[in-house]
Amino acid sequence: MPATLPETPSPRMHLPCLAVAILIMLGGSLNPFLMAGPQGQADHGMAFALLIAMTAGMVRGVGFVPVGLAWRWLFSGWTCLLCLIAAAAMRFFA
């Protein structure tokens, strides 16, 4: 019996992820100080979390669902949400 791959979600556009990705892209382009710390210096942790959220949101948002389980998890809506929460926590609780 051949091995079967895990069932992939339907490859449709995911508008909430796409909206988050576009907002991060536009916000970071128009006001790069959103990724800065309180002293105005670059906050690399927050920038990393926001850029991962933007990447995952863009990939999942346009409807691409990778076949591999690790890649599917990395580019999922859940990763987008978790990285967005992490960036907000770094911004407001640091």
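Scroll up for the structure.
Because the structure is a prediction, the values reported are computed rather than measured. (Residues numbered from 1 in each chain as written. Predicted model: local features only at pLDDT ≥ 70, side-chain atom pairs only at ≥ 80, totals over all residues. Heavy atoms only, no water.)

(A) Broad picture of a nonpolar patch on the surface. The grouping of Ile22, Met25, Leu26 and Leu30 at the surface amounts to a nonpolar patch, some 380 Å² of accessible area in total. You can see Ile22 is positioned in helix α1 (residues 15–30). Its relative accessible area of 34% is what places Ile22 among the partly exposed residues. (Patch = residues over 30% accessible without salt bridge, like charges linked within 9 Å, V, L, I, M, F, W, Y side chains within 5 Å. Areas by Shrake-Rupley, 256 points an atom, 1.4 Å probe, with all protein chains shown as cover. Salt bridge = Lys/Arg side-chain N within 4 Å of Asp/Glu carboxyl O. Helix = DSSP H or I, 4+ residues; strand = E, 2+ residues; numbered from the N terminus. Buried < 20%, exposed > 50% of the residue type's maximum accessible area, 1.4 Å probe, protein only.)

(B) Examining the layout of surface pockets more closely. When its volume is computed, the largest pocket comes out at roughly 220 Å³. Around the largest pocket, the lining is made up of 14 residues, and of these Ile24, Leu34, Leu50, Leu84 and Ala87 lie nearest the centre. Grouping the constituent residues of the lining of the largest pocket by class yields eleven nonpolar, two polar and one charged. (1 Å grid on protein atoms, 1.4 Å probe; cavity = no way out; pocket = protein on both sides within 12 Å on 5 of 7 lines; lining within 4 Å. Points joined across faces, edges and corners; volume = space filled by probe spheres on them. Nonpolar A, V, L, I, M, F, W, Y, C, P; charged D, E, K, R; others polar.)

(C) Spatial organisation of α1. Taking 1.5 Å as the rise per residue, α1 with 16 residues should run 22 Å; its terminal C-alpha atoms sit 22 Å apart, in good agreement. Taken residue by residue, α1 has Cys17, Leu18, Ala21, Ile24, Gly27 and Gly28 as its buried positions. Looking at the packing, one finds that the buried side of α1 touches α2 (44–61) and α4 (77–93). (Expected span 1.5 Å × (residues − 1). Contact = heavy atoms within 4.5 Å.)

(D) Structural context of α4. With 17 residues, α4 ought to run about 24 Å at 1.5 Å a step, and its terminal C-alpha atoms sit 24 Å apart, in line with that. Among all positions in α4, only Thr79, Cys80, Cys83 and Ala87 are buried. Axial view of α4: buried residues confined to an arc of 100°, hence all on one face. Facing away from the buried side of α4 by more than 90 degrees, the exposed set consists of Trp78, Leu82, Phe92 and Phe93. Its buried side turned inward, α4 meets α1, α2 and α3 (69–74). Near the N-terminus of α4, the side chain that reaches the backbone nitrogen of Trp78, with its oxygen 3.3 Å away, is that of Ser76. (Arc of directions from axis to C-beta. Polar contact = N/O pair within 3.5 Å; in protein donor to acceptor, adjacent residues only side chain to side chain.)

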